[in-house]
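# Notes for the structure review
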Amino acid sequence: METVNMIDNENLDLRTTTMGISLLDCIDSYSDKACQKIYDKITTKAEKLVKVAKDLETEYGIPIANKRITVTPISLIAAASGDSDYVKYAVTLDKAAKAVGVDLIGGFSALVHKGYQNGDRVLIKSIPEALKATERVCSSVNVGSTRSGINMDAVKEMGQIVIENEKINPLNNGNLVIFCNAVEDNPFMAGGFHGVGESDVALNVGVSGPGVVKKALEKVKGESMDVVAETIKQTAFKVTRMGQLVGQEASKRLGVDFGIVDLSLAPTPAQGDSVANILEEIGLESVGTHGTTAALAMLNDAVKKGGIMACSHVGGLSGAFIPESEDAGMIAAAEKGILTVDKLEAMTAVCSVGLDMIAVPGDTPAETISAMIADEAAIGMINNKTTAVRVIPVPGKGVGDSIEFGGLFGYAPIMPVHKESSAAMINRGGRIPAPVHSFKN
């Protein structure tokens, strides 16, 4: 009955069921043949994914907001073809996603944290045209890791790719994530891909529920932080149990491996479904003020502790997402100037991902975008955690304006960035070495 109340009154849903599909057996030196294999495998393996998800929604009364697919990074699959661009691979993914009825498909990706292979170079250069030509394809590039350091040549190039996307359609940058320490089993978009260490086909789920946590904290007003942490932990346990139930049942009906539950608190623009509101319920007048990072650190840790007790197979990103555009509380604080890019960057040191869905002025230089990517990658590298950047320059708009994304993406006020140039640093290229604690063998 507690779960029913969470669903009816507190915006609880299962944010996504995501089927990961390996495409390693689709590699072919003829790209047309490879694309046909890719289409056939996706449409065969994921043929019943949407139906099973809808059946489970009906039987258990648990809303499943998104049905998605991830695939092996296409840079690995397409490299054998020798093609000069990989747009046809993206179009194939898009057609397959539409055929099986999923919302998004992730894996137009490259892993360049230590250096480039030829397939990586081709894929990255193909990203703008690939996103232009598709509706449901998501792209990601991993530019750093704790073990390898940060590939600054890739950081520079990704800043340029973001600007190229802006010229075509700034909304395309909502489907592009630049990572440090990317994980292989992420069910959330736009950064999801199916890692080479995963099984042939696996079913991963992503839970949500910031509204549930907010309601639980309303019952412990004035209590100590120990009580707050315990309340969050117990709530996360219940939410994760629901995710594990659906994930295991879905994988059984689909005849595939059950992968992981991602414990992330993923907000939406809907009122009452905000991570920012949780932080304010803890005792902040507004998210972004002093104390925000400490409150977020406690929230993130308590969510993970409760989730790990509830499920043996936890993975993905797991924690609290803080996207600017997808969280009504974050939007409000950004509009008032309380929440800044610098504060968001500090918050990313203790939460799930990074600078997510940040809208910035359209005249922001590529080198400044690259420097933002480098800063986030450094936080991930040093803290041995996943960080990412999904930043959206908006042509013709400046601070005080906003951009409308629609749906789960909401809208975003344009946030100011520093005017001082980072170009000389970014143009050095090379690689930032891995930190000393990376050497653990």
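Everything in this summary refers to the structure shown in the same document. Everything numeric here is computed off the predicted structure, so don't read it as measured data. (Residues numbered from 1 in each chain as written. Predicted model: local features only at pLDDT ≥ 70, side-chain atom pairs only at ≥ 80, totals over all residues. Heavy atoms only, no water.)

## Observations concerning the overall build of the protein
- Helices and strands together make up the secondary structure of the protein, namely 15 helices and 13 strands.
- The C-alpha radius of gyration of the protein comes to 21 Å, within 12% of the 22 Å expected for a compact globule of 441 residues.
- In terms of overall dimensions, the protein has a C-alpha envelope of 65 × 55 × 50 Å along the principal axes.
- For the protein, the share of sequence-separated contacts (at least 6 apart) that also reach a separation of at least 24 residues comes to 78%. (Helix = DSSP H or I, 4+ residues; strand = E, 2+ residues; numbered from the N terminus. Rg over C-alpha atoms; globule rule 2.2 N^0.38 Å. Contact = heavy atoms within 4.5 Å.)

## Regarding the packing of aromatic side chains
- Tallied over the entire structure, the rule returns one aromatic pair.
- Seen in terms of ring centroids, Tyr86 and Tyr89 are 5.7 Å apart; in terms of plane orientation they differ by 75 degrees. Their pairing is edge-to-face.
- Relative accessible area serves as the criterion here: at 0%, Tyr89 is assigned to the buried category.
- Across from the ring centre of Tyr116, 4.3 Å away, lies the NZ or CZ of Arg121, which sits over that ring. (Phe/Tyr/Trp six-rings, centres within 6.5 Å; stacked < 30°, edge-to-face > 60°. Buried < 20%, exposed > 50% of the residue type's maximum accessible area, 1.4 Å probe, protein only. Lys NZ or Arg CZ within 6 Å of the ring centre and 35° of its normal.)

## A short note on the environment of Thr348
- Considering the arrangement of structural elements, one finds Thr348 in the loop between helix H13 (341-347) and strand E9 (355-361).
- Apart from residues lying up to four places away in sequence, Thr348 is in contact with Ile322, Val353, Gly354, Leu355, Glu376, Ile379, Lys385 and Thr387.
- Of note is the side chain of Thr348, whose polar atom sits 2.9 Å from the side chain of Glu376. (Polar contact = N/O pair within 3.5 Å; in protein donor to acceptor, adjacent residues only side chain to side chain.)

## Observations regarding the packing of helix H3 (residues 49-60) against helix H9 (residues 225-254)
- One way to put it is that H3 packs onto H9 with a least axis distance of 10 Å and a crossing angle of 135 degrees. As far as their axial angle goes, H9 and H3 are oblique. For the pair H3 and H9, the sense of crossing is right-handed. For the pair formed by H3 and H9, the contact residues are Leu49, Val52, Asp55, Leu56, Glu59 and Tyr60 on the first element and Leu245, Val246, Glu249, Ala250, Arg253 and Leu254 on the second. (Axes fitted to C-alpha atoms, helices over the stretch in contact; angles between N-to-C directions. Parallel < 35°, antiparallel > 145°, perpendicular 65-115°, else oblique. Left-handed = near helix turned anticlockwise from the far one by under 90°.)

## Side note on helix H2 (residues 31-45)
- Over its 15 residues, H2 runs 21 Å from end to end, which matches the ideal 21 Å to within 8%, given 1.5 Å per residue.
- The secondary structure elements touched by the buried residues of H2 are strand E1 (14-21), strand E2 (64-71), helix H4 (74-78), helix H5 (87-100) and strand E3 (104-111). (Expected span 1.5 Å × (residues − 1).)

## A closer look at the pattern of salt bridges
- Summed over the entire model, instances satisfying the criterion amount to 18 salt bridges.
- Across the pair Lys221 and Glu281 runs a salt bridge whose closest N-O atoms are separated by 2.7 Å. Note that Lys221 is positioned in the loop between helix H8 (210-218) and H9 and Glu281 in helix H10 (residues 275-282), a separation of 60 residues in sequence. (Salt bridge = Lys/Arg side-chain N within 4 Å of Asp/Glu carboxyl O.)

## Observations concerning unusual backbone geometry
- For the bond running from Met189 to Ala190, omega is 20 degrees, close enough to zero to count as cis.
- With respect to the helices and strands, Ala190 occurs in the loop between strand E6 (176-180) and strand E7 (201-207).
- If you check the backbone angles, Met357 has positive phi at about 55 degrees while not being a glycine.
- Mapped onto the elements of the fold, Met357 is located in strand E9.
- Judged by relative accessible area, which is 0%, Met357 ranks as buried.
- Although it is not a glycine, Asn384 adopts a positive phi angle of roughly 55 degrees.
- Examined against the element boundaries, Asn384 turns out to sit in the loop between helix H14 (366-383) and strand E10 (387-394).
- With a relative accessible area of 47%, Asn384 lands in the partly exposed category.

## Overview of the packing of helix H7 (residues 152-168) against H14
- The interhelical angle for the contact between H7 and H14, taken along N-to-C directions, is 130 degrees, at an axis separation of 8 Å. Judged on the interaxial angle alone, H14 and H7 are oblique. Between H7 and H14 lies a crossing of right-handed hand. Across the interface between the two elements, Met152, Val155, Lys156, Met158, Gly159, Gln160, Val162 and Ile163 from H7 touch Ala366, Ile369, Ser370, Ile373 and Ala374 from H14.

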